[in-house]
Amino acid sequence: MTLVSHGGKAFRFDPGALCLELLTTGGPGEFARYEVLHEPSDLARWADRSRLSPGLELSITQRELEHARSVRDALFLLTADRAHGRPPNPRDLAVVNAAAAEPPLAARIEPDGTRAWAPGATGTQLLSTVARDAVDLFTGPHADRIRECGSHNCYLLFVDTSRPGRRRWCAMEHCGNLNKVRAHRARRAEDDPFGA
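To start, this report covers the structure provided alongside it. Values in this document were obtained by computation on a predicted structure and should not be read as measured data.

## A few points about the packing of helix α4 (residues 90–100) against helix α5 (residues 123–139)
Logical step 1: For the pair α4 and α5, interaxial distance at closest approach is 7 Å and the crossing angle is 120°. With respect to each other, α4 and α5 are oriented oblique. For the crossing formed where α4 meets α5, the hand is left-handed. Across the interface between the two elements, Val-96, Asn-97, Ala-99 and Ala-100 of α4 pack against Leu-127, Ser-128, Ala-131, Arg-132, Ala-134 and Val-135 of α5.

What follows is the structure, encoded as structure tokens:
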């Protein structure tokens, strides 16, 4: 997915899982200032840009939108806890598990052999699909690779699906490059403390 930095520069960010893509829409506490889910159509637009295959026609109510923000916030906190080795909060687990217990989106095969979504999809089904993805992530082989960006002022969360498992940055072209430049300048300053 494409995100835009505080400075207005676009960069590619792959959080590695559908459930973590939802975390880019805002969050709890201080992250509420990044909220982008204001109307039901905002959640539908997020789904269109997500890793779900195209063609999903959603009917989302205001109540489902509010529930989406609650699920997202609980998932954000669970993911941050996991990234920092903290035990999960039972309330956050209950929110995600309740969403996962609902019926998910239904996929189908079209006559031409392509994948499509069954008509009549709801926001509740979308949230169930996202929550089930979270269950798979948190209980699967990459659960120990959930990370927060290593930059001092970036809190993007992702799952490191790289083969070596050493991903540190949300995106190399964004925080990775900025931190490389900082490290280079710091080394130069150490080598020449008087700036000669």
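## As for the packing of aromatic side chains
Logical step 1: Evaluated as defined, the whole model comprises 2 aromatic pairs.
Logical step 2: Ring geometry for Phe-31 against Phe-76: centres 4.8 Å apart, planes inclined by 40°, an arrangement best described as tilted. Of this pair, Phe-31 sits in the loop between α1 (18–21) and α2 (40–49) while Phe-76 sits in helix α3 (residues 62–83), placing them 45 residues apart in sequence. As far as the burial class goes, Phe-31 and Phe-76 line up, both buried.
Logical step 3: Centroid distance Phe-31 to Tyr-155: 5.6 Å. Interplanar angle 70°. Geometry classified as edge-to-face. Here Phe-31 is found in the loop between α1 and α2, whereas its partner Tyr-155 is found in the loop between β7 (146–148) and β8 (157–159), with 124 residues between them in sequence.
Logical step 4: The class for Tyr-155 is partly exposed, based on a relative accessible area of 38%.

## Some words on the state of the cysteines
Logical step 1: On inspection of all chains with the given rule, the structure shows 0 disulfides.
Logical step 2: Lacking any disulfide linkage, Cys-175 is separated from the closest cysteine sulfur, that of Cys-170, by 3.7 Å.

## A word on the layout of surface pockets
Logical step 1: Approximately 220 Å³ is the volume attributed to the second largest pocket.
Logical step 2: Lining the second largest pocket, in full, are Leu-75, Leu-78, Arg-82, Arg-86, Pro-88, Leu-93, Val-96, Asn-97, Ala-134, Val-135, Phe-138 and Thr-139.
Logical step 3: If you list the elements that add at least two residues to the lining of the second largest pocket, you get α3, α4 and α5.
Logical step 4: If you tally residues by element for the lining of the second largest pocket, the top one is α5, at 4 residues.
Logical step 5: Taken together, the residues of the lining of the second largest pocket sort by class into 8 nonpolar, 2 polar and 2 charged.

Cut-offs used in this document
Residues numbered from 1 in each chain as written. Predicted model: local features only at pLDDT ≥ 70, side-chain atom pairs only at ≥ 80, totals over all residues. Heavy atoms only, no water. Axes fitted to C-alpha atoms, helices over the stretch in contact; angles between N-to-C directions. Helix = DSSP H or I, 4+ residues; strand = E, 2+ residues; numbered from the N terminus. Parallel < 35°, antiparallel > 145°, perpendicular 65-115°, else oblique. Left-handed = near helix turned anticlockwise from the far one by under 90°. Contact = heavy atoms within 4.5 Å. Phe/Tyr/Trp six-rings, centres within 6.5 Å; stacked < 30°, edge-to-face > 60°. Buried < 20%, exposed > 50% of the residue type's maximum accessible area, 1.4 Å probe, protein only. Disulfide = S-S within 2.5 Å. 1 Å grid on protein atoms, 1.4 Å probe; cavity = no way out; pocket = protein on both sides within 12 Å on 5 of 7 lines; lining within 4 Å. Points joined across faces, edges and corners; volume = space filled by probe spheres on them. Nonpolar A, V, L, I, M, F, W, Y, C, P; charged D, E, K, R; others polar.

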